[in-house]
Amino acid sequence: MSDPPVYPGSTGINQALAALADGRLVAIPTETVYGLAADAASPDAVARIYAAKGRPAFNPLITHVADAAMAAAEGRLDERARALAKAFWPGPLTLVVPARERGKSCELARAGLETIGLRVPGHPLTRELLERFGGPLAAPSANPSGRLSPTTAADVAQAFGDEVALVVDGGPCEAGIESAIVSVLPEDPPRLLRPGAIGRSALEAVIGELAGRGSADINAPGQLSSHYAPAAALRLNATASRPGEVLLGFGPAAPPGPNLSPSGDTTEAAANLYRMLRKLDEQGAGTIAVMPVPDEGLGEAINDRLRRAAAPRESAVS
Ligand code: TXA
Ligand code: MG
């Protein structure tokens with residue numbers, strides 16, 4: 001099984017369009033992490049995503065669209081959802097809204113739910129791809145289920161074989177952590193289902209206070225207790241490394257060595273998170289001890305991912 005080819009720029013887009021039309025999988029760059037995309041209208045193509053990732057079929061995929069008009073054809077965005085879309089699209093926000101019966105995105109993409117996760121990604125190459133494809137693309141993060149999300153084309157190419165037709169190389173991902181997921185459903189307060197690359201306070205400035213995930217909520221990755229995991233074990237809130245551990249620092253007080261953000265900036269730390277965990281993993285670290293990261297800004301999303309990465313692996317669903 002050989003790694004899929006990696007193509008930059010317009011060559012990548014042309015090759016991707018041909019592969020998508022054939023029902024094949026294509027890895028695409030976004031401003032958050034790389035996605036593993038298929039034609040959302042094709043149940044066969046979408047089924048290949050679940051198979052390639054080893055993803056549980058009850059965990060819905062995000063439908064990526066070119067613009068708000070394409071989003072409105074797939075889901076019902078009320079005034080609150082439209083306000084969020086206007087403020088943050090294109091960008092790292094996924095809105096979960098009621099699915100339209102006549103939308104192009106197939107039922108399998110949303111795992112049979114009556115709601116749909118929609119996002120207009122900000123990366124220029126993927127926006128061009130979506131515009132030229134002319135329809136929605138289903139795309140989860142391009143990692144085997146439960147593992148670290150990829151932030152470079154090489155991360156994706158290494159993780160998959162010829163079940164992926166090609167990787168469009170759009171450079172390293174700017175945000176480095178997944179989109180924030182907000183549900184905006186009738187007769188329900190807006191809920192932050194997954195903290196992500198837009199901080200809570202920026203979202204709340206537009207929509208007011210966000211509720212948490214309700215008990216009836218379906219599987220945002222939050223419910224898979226072990227997720228986003230490196231091969232190494234993780235120890236959180238470490239102040240110093242113990243024998244056999246490597247320390248992943250945060251902020252100016254950290255000892256010399258790998259540091260998520262020497263200046264203590266959570267946006268920089270988010271951009272470095274998966275890349276640094278991946279690198280320490282490749283270097284064969286047995287346990288990665290991570291210094292505390294404050295919950296401000298993107299810290300809430302970072303801490304969410306770190307908690308899941310540190311969770312006992314035997315409870316993982318995949
Ligand atoms: O930044 C991102 O969001 C990246 C890039 C590629 O766009 N995508 C991503 O996809 O992180 P994924 O599949 O790794 O995580 C998306 C999560 C899923 O775990 C799923 O639970 C949740 O979004 N989701 C999707 N549709 C949903 C829905 N209708 N209701 C609740 N959660 C939903
Ligand atoms: Mg993921």
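From a predicted model like this one, the values you see are computed outputs, not experimental measurements.

With that settled, consider the domain arrangement of the protein chain. Each assigned domain of the protein chain is listed with its residue range as follows: domain 1 (6-207) and domain 2 (233-310). Its C-alpha centre places domain 1 at a distance of 27 Å from the equivalent point of domain 2. If you look at the interface, domain 1 gives 21 residues, while domain 2 gives 15 residues. Counting each side, the surface lost to burial between domain 1 and domain 2 is near 1400 Å², with a carbon and sulfur contribution of 55%. Sorting the residues of domain 1 by area buried against domain 2 places Leu148, Ile177 and Pro195 first, and these three jointly supply 43% of that buried surface. Where domain 1 meets domain 2, there are three salt bridges. For aspartate 155, the salt bridge goes to arginine 278, with nearest N and O atoms at 3.3 Å. Elements represented by at least two residues in the side of domain 1 that touches domain 2 include exactly helix H6 (153-159) and strand S10 (191-194). Per-class residue counts for the side of domain 1 that touches domain 2 are nine nonpolar, seven polar and five charged.

What follows is about the sheet that holds strand S4 (residues 62-64). The strand order across the open sheet built from ten strands is S1-S8-S2-S3-S7-S4-S6-S5-S9-S10, with neighbouring strands paired in mixed fashion. In this open sheet, the two strands that pair with only one neighbour each are strand S1 (6-8) and S10. Here S4 runs beside strand S7 (residues 137-138); their pairing, made up of two bridges, is antiparallel. By the bridge assignment, histidine 64 is partnered in S7 with leucine 137.

This part is about the nonpolar core. One finds Leu84, Trp89, Leu93, Leu95, Val182 and Leu203 to be the most contacted residues of the largest nonpolar core, which totals 41 residues. Considering every element that reaches this core, the biggest residue donor is helix H1 (residues 9-21), with five residues. By size, the runner-up hydrophobic cluster in this structure holds 32 residues, among which are Leu148, Ile177, Leu248 and Ala289.

Here we come to the packing of helix H8 (residues 266-282) against helix H9 (residues 299-310). Put simply, H8 and H9 touch, their axes get as near as 9 Å, and they point 30° apart. Comparing their axes, H9 and H8 come out roughly parallel. Here H8 and H9 pass one another in a crossing that is left-handed. Only Gly299, Ile302, Arg305 and Leu306 of H9 make contact with H8, whose side of the interface consists of Thr266, Ala269, Ala270, Leu273 and Tyr274. Looking at side-chain class alone, the contact of H8 with H9 contains six nonpolar, two polar and one charged residues.

Calculation notes
- Residues numbered from 1 in each chain as written.
- Chains lettered and ligands numbered in written order.
- Predicted model: local features only at pLDDT ≥ 70, side-chain atom pairs only at ≥ 80, totals over all residues.
- Heavy atoms only, no water.
- Domains from an automatic or database assignment.
- Contact = heavy atoms within 4.5 Å.
- Buried area = accessible area lost by both parts, 1.4 Å probe.
- Salt bridge = Lys/Arg side-chain N within 4 Å of Asp/Glu carboxyl O.
- Helix = DSSP H or I, 4+ residues; strand = E, 2+ residues; numbered from the N terminus.
- Nonpolar A, V, L, I, M, F, W, Y, C, P; charged D, E, K, R; others polar.
- Pairing = 2+ DSSP bridges.
- Core = buried A, V, L, I, M, F, W, Y, C linked by side-chain atoms within 4.5 Å.
- Buried < 20%, exposed > 50% of the residue type's maximum accessible area, 1.4 Å probe, protein only.
- Axes fitted to C-alpha atoms, helices over the stretch in contact; angles between N-to-C directions.
- Parallel < 35°, antiparallel > 145°, perpendicular 65-115°, else oblique.
- Left-handed = near helix turned anticlockwise from the far one by under 90°.

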